[in-house]
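Per-entry structural report
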Amino acid sequence: MGKKGLIFFFAVSVLAIALFSASSGCEASFRFYIGDREVDLAASLVVNGNILIPISVFEQYMGAEAEVSLDSGELKLVFPMYTITGQIGTSKVLVNGEEQIMGAAPQLRHGEIMVPLRFIVDLLGLRLNTDTRQAILYVILTEEMADWIASRDQSGSVGLQLPGFPEPDFSELPDTPVLKEIVFMGGPRSRVFIDVQGFTAFHSFLLTNPDRMVIDLPGVELDGPIPTQEINDSIVKRIRGDRFDEQTIRIVFELNRATDYQINRWPDGGLEVEFNYQMGSVGYYRDEEQTPRIWFEANEQPMFRVQLLPSPMRLVLDFQYTTLLDGAREIPVGDSTLRAIRVSQNSPSVTRIVLDLEGPMIPVQVEEINGRYEIILFEGTEEEYQALLAQKAPEPEEPEVVLPVEREIDDSLPLAHRMIVVDPGHGGSAPGTIGSVLGVFEKDVVLAISLELGRLLEENGAVVVFTRSDDRYVSHFDRAPIANAVNAEVLISIHANSYEGTAAKGVETLYNPLYLENFRFAEVIQRELVNYIGAVNRGVRPRTDLHILNNANMPAALVEVGFVSHPEEEAMLNDPDYQKRIAEGLLMGIINFFRDYR
Amino acid sequence: MNRYKEWTAVILLILSVCFLLRLAFVRPELPVFGTQLWVVYFGSGEDSFLVPELRFGTPSVAARLQALERGPRLPNLNPVLPPGTKVISYQIEGNLIVVNFSRQLTENHPGGSASELITVYGLVNTLTEDPSLDYVQILVEGSRVTTIAGHVDVSQPLRRDESLIEAR
């Protein structure tokens, strides 16, 4: 071989090596067993002679707990004796805090983190056997390890799965994410949507002088140049972006001042950036009624977490997603209950207001007054406040029970002398739900049906008591007591339903499943009503959280006779003939209940 | 000398081809995995069921509340909080979270037991996704209310209700 040939050979080798190292490993194809279980490998690859397998396999087949951070690429794998922490793209890992080098760096493939198998196997003191002819790979477990895995399987601990929810399907996403555009959406938090098609890692940080926020998107391709956007709102001056290096696109937000931010990932790719609410001056005063009030300036009302802490007593208000504009400060007050107010940036996204108290105090309400927000404080504990509210509420009057006029009742009638309470839902100032097209009021529809049902029940010999027989407000809490007061044999509450959109329709009956009688009553009413009016049968629904059903001492049911949000059903429910038919259907249900179960 | 130049040129050419190929072939693999997923419950667009919507990132209580306040990202889901409803504040006491809402929670509620159940349990189920929380107490502008729309008793702390989640 001449010199020329030697150089050619050298060049070809370089090319080959370059190509091999360029592709991030070749796909491996083999059967794989851990102990006596065959592992269904969704993906595997070989890098520098190291077989990499998905981290989830260690969870599912080896009883490990895996944790991975979507954003930083950090990963953690916990075995009984060893905790391994590492990072995608670096072969250095910490094993129980000590640095070790794996044969290859963990990497991503088909939406899975791939981890070198050999390293883990060696670490755990297991053996890796290969049958090269048949392309089978075995992890031979120690007895101890096998027992451990079996115990984990029984406890059903598989951390990566969210039980009951579908795993997101990443398969349709493009292999290489593409940055389409950057859309400034504005609002009090200067929202920006970075339209990346496909999933991307990101790395973001704040820089000062000049103040700016930077998002680096590794491995993202550009659809075209990123135009610079002049924003000049209260937070963002300008947004620009460009290729930072061969692999990274850098987006720079030039800011008026360094402000913390959140980056939310959208389900089908894309990142939403939101800057913190800006919190300005904070102050305190007592209004004319001597009610203490904290006020603050902000571009929007942020939510806050409340903590009342003892010794020394203080009220801590943590405003979420806020940046404090003018730095930490202390405002001396020296009031009978409040010594001082301290304001600080507790974490990059939380502004903390601490009230140093002499006695307990809680925030109860927030009002917006002249462009600033005022937190109304109550001097006392939560329990004391609720007790005060209960006191202030109008005295609960004895429910008004209108007993029907005594009359001759034919004993042969199916409901002779049965005491039945009919409860038309809502009423008066509480209209219930309102129809989607005609705007019919639930309270009117159910009153008409109830009065008709009452008339039919009396015709059949029953003694009927209404919780309301006209358009008046009856408290939610008074309805069951009325039925209890007259020793009713059954209580039927009549309502009309509603749901967002116009698709939902039909009849459903709610009951408290504590007593079988309730189910029987609900079931027979639902069946008879649906059969009679031919409506969609949504079935009976056990509920333990409806006040009227929980507090009735007799079989009780709440019938939702139809949806006023459904345009056709609304029109039908508004029709007196249909209302009459509903009443007849309910009557049959009640008659059958007494015939079969009483 | 000429031959050396020739060889150098050939090598440079091959190296640059390698470099270009490398650019074309290297596709850095990107973090895409499932552990940092969490869910917010919203109303189904079809009927009164709760449907989990997936979110990515850190599921703090504030993030969960903010997600409920903002509403669904998927166009075929319905928000569980009535229009204009804001979270004023929240307080955590052991396994109970007390959430204080603005008055729009009751004032703007469309009514109907079906949509009231979605509102109540969209909220309760989303917050009790946090393993440390079991109970949710709803307040409206600081005070306990009997109901949001006339049916469900919310005067007491509520527990999670899986029965309203759409069966898959």
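All figures in this text were calculated on a predicted structure; none of them were measured in a lab. (Residues numbered from 1 in each chain as written. Chains lettered and ligands numbered in written order. Predicted model: local features only at pLDDT ≥ 70, side-chain atom pairs only at ≥ 80, totals over all residues.)

Check the secondary structure of chain B and you find 4 helices and 8 strands. Listing each helix as α and each strand as β along chain B from the N terminus yields α-β-β-α-β-β-β-α-α-β-β-β. Across the 168 residues of chain B, 48% fall into the buried class. Considering only contacts within chain B whose residues lie at least 6 apart along the sequence, 62% involve residues at least 24 apart. (Helix = DSSP H or I, 4+ residues; strand = E, 2+ residues; numbered from the N terminus. Buried ≥ 20, exposed ≤ 12 C-beta atoms within 10 Å, placed from the backbone. Contact = placed C-beta atoms within 7 Å.)

Moving on: the domain arrangement of chain A. Split into domains, chain A comes out as domain 1 (26-155), domain 2 (178-275), domain 3 (278-382) and domain 4 (419-597). The distance between the C-alpha centroids of domain 3 of chain A and domain 4 of chain A comes to 47 Å. (Domains from an automatic or database assignment.)

Residue and element names in this part refer to chain A. A sheet is described by the order of its strands in space; here 5 strands give the open sequence E17-E18-E22-E21-E20, paired in antiparallel fashion. The open sheet has two free edges, formed respectively by strand E17 (203-207) and strand E20 (229-230), since each of these has just one partner strand. Direction of pairing for E17 relative to strand E18 (residues 212-218): antiparallel, over a ladder of 5 bridges. Directly across from Ser 204, in E18, lies its bridge partner Ile 215. (Pairing = 2+ DSSP bridges.)

With that settled, consider helix H6 (residues 442-459) of chain A. All names here are of chain A. With 18 residues, H6 ought to run about 26 Å at 1.5 Å a step, and its terminal C-alpha atoms sit 26 Å apart, in line with that. Most of H6 is tucked away: 13 of the 18 residues are buried. A positive phi of about 95 degrees marks Gly 461, the residue just after H6. (Expected span 1.5 Å × (residues − 1).)

Here chain A shows a mean pLDDT of 86. Residues at 70 or above account for 88%. Here residues 14-26 of chain A scores under 50 on pLDDT; set against residues more than four positions off or in separate chains, the count is 24 contacts. (pLDDT = per-residue confidence, 0-100.)

Our next topic: the packing of helix H8 (residues 516-533) of chain A against helix H11 (residues 576-597) of chain A. Residues and elements named next belong to chain A. Running from amino to carboxyl end, H8 crosses H11 at an angle of 140 degrees, the nearest separation of the two axes being 8 Å. One finds that H8 runs oblique with respect to H11. Crossing angle aside, the handedness with which H8 passes H11 is right-handed. Here H8 contributes Arg 520, Phe 521, Val 524, Ile 525, Glu 528, Leu 529, Tyr 532 and Ile 533 to the contact with H11, which in turn contributes Arg 581, Ile 582, Glu 584, Gly 585, Leu 586, Met 588, Gly 589, Ile 590, Asn 592, Phe 593 and Tyr 597. Here the contact of H8 with H11 is built from residues that sort into 12 nonpolar, 3 polar and 4 charged. (Axes fitted to C-alpha atoms, helices over the stretch in contact; angles between N-to-C directions. Parallel < 35°, antiparallel > 145°, perpendicular 65-115°, else oblique. Left-handed = near helix turned anticlockwise from the far one by under 90°. Nonpolar A, V, L, I, M, F, W, Y, C, P; charged D, E, K, R; others polar.)

Ala 557, Leu 586 and Ile 590 of chain A are the most contacted members of the largest nonpolar core, which totals 125 residues. With 8 residues, the top contributor of residues to this core is helix H4 (residues 113-127) of chain B. Shared between two domains, this core holds at least three residues of each, these being domain 3 (278-382) and domain 4 (419-597) of chain A. In contact with Ile 590 of chain A, other than residues within four places in its own chain, are Ile 420, Leu 457, Val 490, Ile 492 and Ile 525 of chain A. Listed in part, the 32 residues of the second largest apolar core include Val 93, Ala 104, Ile 120 and Val 139 of chain A. (Core = buried A, V, L, I, M, F, W, Y, C linked by C-beta atoms within 7 Å.)

Below, the discussion takes up the sheet that holds strand E26 (residues 292-298) of chain A. Residues and elements named next belong to chain A. Here 5 strands make up an open sheet; going across it, the order is E29-E25-E26-E34-E33 and the pairing mixed. Each edge of the sheet is formed by a strand with only one pairing partner; in this case those strands are strand E29 (322-324) and strand E33 (362-369). When the angles between neighbouring strand axes are averaged without regard to direction, this sheet yields 35 degrees. Across 4 bridges, E26 lies against strand E34 (residues 372-378) in antiparallel orientation. Residue pairing for E34: Trp 295 is matched across the bridge by Glu 374.

When a strand is regular, its side chains alternate between the sheet's two faces. All names here are of chain A. Counting buried positions along strand E28 (residues 314-320) yields 5 of 7 residues, so the element is predominantly enclosed. Pairing of strand E27 (residues 304-309) with E28, which is carried by 6 bridges, proceeds in the antiparallel orientation. Directly across from Leu 309, in E28, lies its bridge partner Arg 314. The loop that links E27 with its antiparallel partner E28 comprises 4 residues; one of these, Ser 311, has a positive phi angle of about 35 degrees. As paired elements, E28 and strand E32 (residues 350-357) share 7 bridges and run antiparallel to each other. Opposite Arg 314, over in E32, you have Asp 356 as the bridge partner.

Under the 1.5 Å per step criterion, the end-to-end length of H8 of chain A is 26 Å for 18 residues, consistent within 8% with the ideal 26 Å. Buried within H8 of chain A are the following residues: Asn 518, Phe 521, Ala 522, Val 524, Ile 525, Gln 526, Glu 528, Leu 529 and Val 530 of chain A.

The next point concerns the confidence of the model for chain B. When the pLDDT values of chain B are averaged, the result is 83; 78% of them are 70 or greater. For this predicted complex, the interface score ipTM comes out at 0.79, while the overall pTM is 0.73.

Let us now look at the environment of Leu 413 of chain A. Residues and elements named next belong to chain A. Its place among the elements puts Leu 413 in the loop between helix H5 (382-392) and strand E35 (419-424). For Leu 413, a count of 15 C-beta atoms within 10 Å corresponds to the partly exposed category. Sequence separation between Leu 413 and Glu 458 is 45 residues, and the spatial gap between their C-alpha atoms is 9.8 Å. Those residues in contact with Leu 413 that lie beyond four places of it in its chain are Asn 460 and Gly 461.

The next subject is the pairing of E27 of chain A. Note that E27 of chain A and strand E4 (residues 87-93) of chain B share 3 bridges and pair parallel. For Val 306 of chain A, the partnering residue across the bridge sits in E4 of chain B and is Gln 91 of chain B.

Our next topic: unusual backbone geometry. Residues and elements named next belong to chain A. In this structure, the amide linkage connecting Asn 209 to the following residue, Pro 210, adopts the cis form with an omega of -10 degrees. The omega angle of the peptide bond from Ser 311 to Pro 312 is -10 degrees, so this bond is cis rather than trans. With respect to the helices and strands, Pro 312 occurs in the loop between E27 and E28. The backbone of Gln 290 sits at a positive phi, close to 65 degrees, despite the residue not being glycine. Topologically, Gln 290 is positioned in the loop between strand E25 (277-286) and E26.

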